[in-house]
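Structural description and commentary
Listed here are the chains, written in short residue letters.
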Amino acid sequence: VNGPMKKIGNTSFTFPVGKRSTYAHITIGAPSLSTDHFTAEYFPGDPTTASYNRSLKDASLNHISKSEYWMLNRTGGSSTVSVTLSWGSGRSGGVYILADLLVAGWNGSIWKDLGNGGVTGDSTAGTVINSASITAYSAFTLASSTPANPLPIALVSFDAVPQGKQDHHSWNRA
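Structure report, in brief. From a predicted model like this one, the values you see are computed outputs, not experimental measurements.

This brings us to the packing of aromatic side chains. With the rule as written, the count across this model stands at eight aromatic pairs. Judged by centre distance (5.5 Å) and plane angle (70°), the rings of F38 and Y137 are edge-to-face. Of this pair, F38 sits in strand 6 (residues 37–44) while Y137 is found in the loop between strand 13 (125–129) and strand 14 (139–144), placing the two residues 99 residues apart along the sequence. Across the pair, Y137 and F38 agree in class, each one buried.

Shown next as structure tokens:
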């Protein structure tokens, strides 16, 4: 689905969302009431451009993905659900250490660490489910607890200086 999709009911559900021929599903756990509903949409691109500043984050988050995010909103009811995000190497950037991968959720002012409750897949594609309670429904994206999962990041500067027969490289990322 290239746009928002709404789900009503009390069963878990995988939203088959994406954009521009890219499939990037998001899954929710089962709501407690059959009348509750959730709406999800996928966005390729930097969440900062949509007012979800990646630099505003819990200290446990080393960095936030620059390439994609999902909007998940509870549009009716009061159920809390788990959130599972998908990744693919062609759209999500580098995922190398699955244990360091995290779900991050925007709480209205900062990206919160929602944990890693388990992963599927490998470095080319898979999913990660949150482990912390979901209290705010808004933007969600992939994050990493260490630099080991580069995900897409913005390169601010890069320097290379010759030192004898070797080069010394340094860089800064946003």
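Don't stop here, the text continues.
The topology assignment puts G18 in strand 3 (residues 18–19). The spatial distance from the C-alpha of G18 to the C-alpha of F43 is 7.3 Å, given a sequence separation of 25 residues. G18 has contacts with V1, N2, G3, Y23, A24 and Y42, leaving out every residue within four places of it along the chain.

Turning our eyes to something else, we now look at the environment of G121. As for its position among the elements, G121 is in strand 12 (residues 118–121). Relative accessible area serves as the criterion here: at 56%, G121 is assigned to the exposed category. Distance in space between the C-alpha atoms of G121 and L98 is 8.8 Å, their sequence separation being 23 residues. Dropping the residues within four chain positions of it, G121 is found in contact with L98 and G126.

All right, on to unusual backbone geometry then. Most peptide bonds take the trans form, and the phi angle of most residues other than glycine is negative. For S21, which is not glycine, the phi torsion reads 65° and is therefore positive. Mapped onto the elements, S21 comes out in the loop between strand 3 and strand 4 (22–23). Taking relative accessible area as the criterion, S21 reaches 83% and is therefore assigned exposed. Phi angles above zero are rare outside glycine, and S51 is one such case at about 75°. Tracing the chain through its elements places S51 in the loop between strand 6 and strand 7 (63–64). Take S51: its relative accessible area is 60%, and that puts it in the exposed class.

Quick notes on the rules
- Residues numbered from 1 in each chain as written.
- Predicted model: local features only at pLDDT ≥ 70, side-chain atom pairs only at ≥ 80, totals over all residues.
- Heavy atoms only, no water.
- Phe/Tyr/Trp six-rings, centres within 6.5 Å; stacked < 30°, edge-to-face > 60°.
- Helix = DSSP H or I, 4+ residues; strand = E, 2+ residues; numbered from the N terminus.
- Buried < 20%, exposed > 50% of the residue type's maximum accessible area, 1.4 Å probe, protein only.
- Contact = heavy atoms within 4.5 Å.

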